[in-house]
Each structure stands twice: as structure tokens, then as C-alpha cells.
Amino acid sequence: SDSPSESISASPSESISASPSESISASTSTSVSKSRLGFLIIFLVLLGGIIFSFYSKELSKSDGDFADIEAPLTTDLDPESTTKIPTLGVETKIAQVKTDALPPLPSYEQANTFISRQLGLENWQALNINPENFPSLNKDFLLQRSVAFLDGLANGVLRYKFMPFTPPHSAFIADQSGESLSMGAANFSRYDAFVESIIAIDSQQAATFFHWIRPLLETAYSELGYPGKDLDKALITAIDTLLATPNIDGSIALKRKSVRYQYADPELEALPGAQKQLLRMGPTNADLLKSWLQELRSALLNPG
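Residues numbered from 1 in each chain as written. Predicted model: local features only at pLDDT ≥ 70, side-chain atom pairs only at ≥ 80, totals over all residues. Heavy atoms only, no water.

Visitor: What is the right way to look at the nonpolar core in this model?
Guide: Considering soluble globular proteins, one finds that nonpolar side chains tend to be buried as a cluster. One finds I115, L143, F194, F209 and L300 to be the most contacted residues of the largest nonpolar core, which totals 51 residues. Only α5 (111-119), α6 (142-154), α8 (192-199), α9 (203-222), α10 (231-243), α12 (273-280) and α13 (283-301) provide two or more residues apiece to this core. No other element matches α9, which puts ten residues into this core. Those residues within four positions of I115 in sequence are excluded, and the remaining contacts are L142, L143, F209, I213 and L216. (Core = buried A, V, L, I, M, F, W, Y, C linked by side-chain atoms within 4.5 Å. Buried < 20%, exposed > 50% of the residue type's maximum accessible area, 1.4 Å probe, protein only. Helix = DSSP H or I, 4+ residues; strand = E, 2+ residues; numbered from the N terminus. Contact = heavy atoms within 4.5 Å.)

This is the structure we're talking about:
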């Protein structure tokens, strides 16, 4: 508003007070008396002043209107707003989503409560974990129980007291035909609900969850006397042990020793306990679990 008024007050005043007066005084110098000439000059000066004042006010008013419109674009604009323009590409956006979904891990002493609470939140519902099928989620020492069970699987052993999921409530069923004993469809169906609860878990989300809490799991694993960094190897070994279970179609011959049943085939009886347990679930359930374990293995090794 300062610079427009300066330019207006300089140029018009000079053109009106100087040029017109000089022209008129030159043309009337021989015919008009000095008194009439002085009166005319005063009249023109006053007229020029009135015209100048009128246009100055109008231009000043106009400049003020434009200043009010343009001011927010130049002086009131938040300079930080220019940084809010989204950048091209999706990698940054995806990384931000992941950061928001994974809060900082707590101390090891507070880990069990924290993880149990997290699994109940909406952002982990994609895991499709039914708490009723995983009673360990509501027990103390969740991390410690998990790594102890994992260590057993890696060695082919099922440590039932650390098992994180609910086993079938009904008793083992053996089919008998004369003197022959076998394990067939009646027993296999006992594991249908269990297998359904496992394969319902999203393998990619499970891998993401594992990699997120891995520092806490490594600490728990080191309490077993192993280097914490070996946890990955133990997990993959446990999965590979189950994947190596032989495929047996149909019923499986059994024999009874005291109050317990054994596999009649010595090679099957010599299998690791984890593999023998997978055989008890039947070929259909075993195939479903193997397929899911293969997906989990791939997701663990190729997180994305």
C-alpha cells in the first residue's frame, strides 16, 4: 500500500502543476494581464488538486481491496503447508502404515501382558486367532512357554505341558477288526476343529508378528541356554521337521503294548514324536497343516 501511493503522488502532480501552467502562460503572455494570468494559474492548480485527490482516493481504495485479497497468499500462509504435498511412490506410505501398526516393544519383564493385550486388539485380528483354541494366551510366561515348545519341536519332541493350543478333548479311538488294530477316520476327525483353527491363522500376519516380537522371543530363548540369535534356526527346523512327516494314506496299523498303542510299522514308530503326532491327525488334516506350514515358512524367510 506504500509503494502505489508514492508513484501516484509523484507523477500526476508533476504533470498537472508543471506542464499545463507553462503552456497556458506562454500562449497568453502578450494578451492577458498579469492579474488575470495569476488568477487562472491559481484556478488550474486548485482544479488539478481536486482531480488528483479524487483519483488518489479511488486508486488507494482499489489497491486496498487487492491487498486484502492477496495478503493471505503472501503473508498469512503457513510456510510448513508446502511440506504437506505427498511425494510420489508407495514405499514411504507403506512403511508409515507398518510403523503405525507396530508400537514400540515393552521391556522383557512386561512383555507377556503386552503381547496378550496386543493380540486382542483390532490391528491383529487379521491373525484370526481364536483365544478359546489357544489357552496359553491367558497364562503366565507366554514367551517362555512358546520358546520351550518351539525348542521341543525343533528336536522332534512334543512338550505337551507347554503346548499353546487346545488338544482334542475326546479319547484316542482305535479301530478293531478281529485281532487287527488300526487308526482311521474315526480318530482322524477328532483333530478337524484343531486343524481348522490353525490354518485359519493368516501366515503372512503370523510372520509379521513373529518378526516384530522377535527381540523378546530371543531373550526368552536365551534363558534356555541357547544364543538368542539361534531362534530363527530353531523355528525353521521345527517347521521342516513337521514338513518331513511321511504321507500315509488310509488307516494306519497299530499294536498295543501294555495300555498304550504303538505303530505296527517299526519305521513309523521310530519317527520323532512330533511327526507321529501329525500322523495321528490323518492324511487330510496332515496335508492341510503342511500346506499352511509351507506358507508360514515362506513368509518368515521373505517378510513383506
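The discussion continues.
Visitor: Where do I start with the pairing of strand β4 (residues 260-263) in this structure?
Guide: The side chains of a regular strand alternate between the sheet's two faces. Summarising the sheet, strand β3 (residues 252-257) and β4 pair through four bridges and their orientation is antiparallel. Within the sheet, the bridge partner assigned to R256 lies in β4 and is Y261. Hairpin connection of β3 to β4: two residues between the antiparallel strands, including S258 at a positive phi of 60°. (Pairing = 2+ DSSP bridges.)

Visitor: Could you clarify how one ought to interpret the pattern of salt bridges in this entry?
Guide: When the charged atoms of two side chains lie near each other, side chains of opposite charge can form a pair. Under the criterion given, the structure shown has five salt bridges. With a shortest N-O distance of 3.0 Å, D151 and R159 are connected by a salt bridge. Overall, R159 belongs to the partly exposed group, its relative accessible area being 30%. (Salt bridge = Lys/Arg side-chain N within 4 Å of Asp/Glu carboxyl O.)

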